[in-house]
Amino acid sequence: MFSIKKIILFSDTGIDDAIALIYALKDPNIEVVGIVSGFGNTDRNKSYRNATYLLKLAGQKGIPVIAGSTRPLNGEEPEFFPDIHGVEGLGPLSPPIPEERYGNKANFSKLFQLIKKNPGELTIVGVGRCTSLAIAWLLSPDVMSLVKETYIMGGAFFVPGNVTEVAEANFYGDAVAADIVCRNAPNLTVIPLNVTRLALITPAQVNFIHSRAKTPLDQIIKPILDFYYEAYQQLEPGIAGTPQHDLSAVMAAAAIDGLFTYEKRVIRVQHEENYANGLSIADFRPGSTDCFGTGCSRIAVAIDEDIFLSNVLDILTR
């Protein structure tokens, strides 16, 4: 019998995080039990406010939003991306909720309470910087060990990065935290740029989704993805659609048959503040094989684009 996947979403609620959350809220096989919102695409307070706003549009009053980290573990000021995600983090939208009302203090005790209430049942899906997740592991490894499994969107294998020549944004934004998570989280699956870059939604598909919109939450999909598409046209002129990096990680956690192909490797993240900061490292040399045991993670190495698209269109038009 198929069981509902209970997830805690760690996000930095920009556009692709929003689409990932909308998908998770609409998928009948996923139960979102909490959201941890930290800095990344936008600052922590906007991220927190945006998650709260999306839950309000969905009519979801019982899902807690937990304030996460405000900056990377090295203490540097984070860089935000208004050109890609909009000034408020949701493209052209300005959520009618004052951001200063939310997210004033991090509250990891609330996260730990959620995990202890659901021992061995929760899946963490991290789609932003790894800082909040790393802090949780540093603060209470015993509690975090009660998590069933962890999925993170991050890293780049076989392909260039999207922030530097070698680094993907989530790992680059806090490479120290990314390395801590890759070293400590058991049952870890990493969904890297090389597969999420192929998880495209085109403008025509966005229009189709919009034509089936039924709720206030459905209504925001088109304006934020239209904004995202225009931003990507500046980054990569001619790209057919917008890569759904964060949605890919949520769909991986949903265990959709045939969506991804995985290989198991030990992952390390370069974090010595040099030219290769944020570089994701795993041994894919010819002759290398899957690893086993402690410290071994699954890495998505291929995606079935047809399965991705059919599932996206199915869930987002419900």
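Residues numbered from 1 in each chain as written. Predicted model: local features only at pLDDT ≥ 70, side-chain atom pairs only at ≥ 80, totals over all residues. Heavy atoms only, no water.

## A closer look at the overall build of the protein
In step 1: On a plain count of helices and strands, the protein comes out with 14 helices and 12 strands.
In step 2: The C-alpha atoms of the protein give a radius of gyration of 18 Å, which matches the 20 Å a tight globule of 318 residues would have.
In step 3: Counting only C-alpha atoms, the protein reaches 50 × 45 × 45 Å along its principal axes.
In step 4: Classification of the 318 residues of the protein by burial places 57% in the buried group.
In step 5: Taking the intrachain contacts of the protein between residues at least 6 apart in sequence as the baseline, contacts between residues at least 24 apart amount to 82%.
In step 6: Total accessible area on the protein is roughly 13300 Å²; 52% of this is exposed by carbon and sulfur atoms.
In step 7: Taking the 27 positively charged and 35 negatively charged side chains of the protein as two groups, their mean positions are separated by 8 Å. (Helix = DSSP H or I, 4+ residues; strand = E, 2+ residues; numbered from the N terminus. Rg over C-alpha atoms; globule rule 2.2 N^0.38 Å. Buried < 20%, exposed > 50% of the residue type's maximum accessible area, 1.4 Å probe, protein only. Contact = heavy atoms within 4.5 Å. Areas by Shrake-Rupley, 256 points an atom, 1.4 Å probe, with all protein chains shown as cover. Lys, Arg positive; Asp, Glu negative; His and termini not counted. Charge placed at Lys NZ, Arg CZ, Asp CG, Glu CD.)

## Focus on the sheet that holds strand S3 (residues 65–67)
In step 1: Here we have 8 strands laid out as an open sheet, ordered S3-S2-S1-S4-S5-S6-S12-S9, and mixed in their pairing. Pairing within the sheet leaves two strands with one partner each, and these edge strands are S3 and strand S9 (260–265). On average, adjacent strands in this sheet sit at an angle of 25° to one another, irrespective of strand direction.
In step 2: Most of the contacts of helix H1 (residues 15–26) go to strand S2 (residues 30–37), to which it runs at about 150°, and overall it touches strand S1 (5–11) and S2.
In step 3: Against the sheet, helix H2 (residues 44–57) engages S1, S2 and S3, with an angle of about 175° to S3. (Pairing = 2+ DSSP bridges. Axes fitted to C-alpha atoms, helices over the stretch in contact; angles between N-to-C directions.)

## Re unusual backbone geometry
In step 1: If you check the backbone angles, Phe-158 has positive phi at about 75° while not being a glycine.
In step 2: In this structure, Phe-158 sits in the loop between strand S5 (149–153) and helix H7 (169–173).
In step 3: A positive phi angle is found at Ala-255, which is not glycine, with a value near 60°.
In step 4: Relative to the assigned elements, Ala-255 resides in the loop between helix H13 (245–253) and S9.

## Focus: the packing of helix H10 (residues 203–211) against helix H14 (residues 305–316)
In step 1: In contact at an axis separation of 9 Å, H10 and H14 are set at 25° when each is read in the N-to-C sense. By the angle class used here, H10 and H14 are roughly parallel. Contacts from Gln-205, Phe-208 and Ile-209 of H10 reach H14 at Leu-309, Leu-313 and Leu-316.
In step 2: In terms of residue class, the contact of H10 with H14 is made up of 5 nonpolar, 1 polar and no charged. (Parallel < 35°, antiparallel > 145°, perpendicular 65-115°, else oblique. Nonpolar A, V, L, I, M, F, W, Y, C, P; charged D, E, K, R; others polar.)

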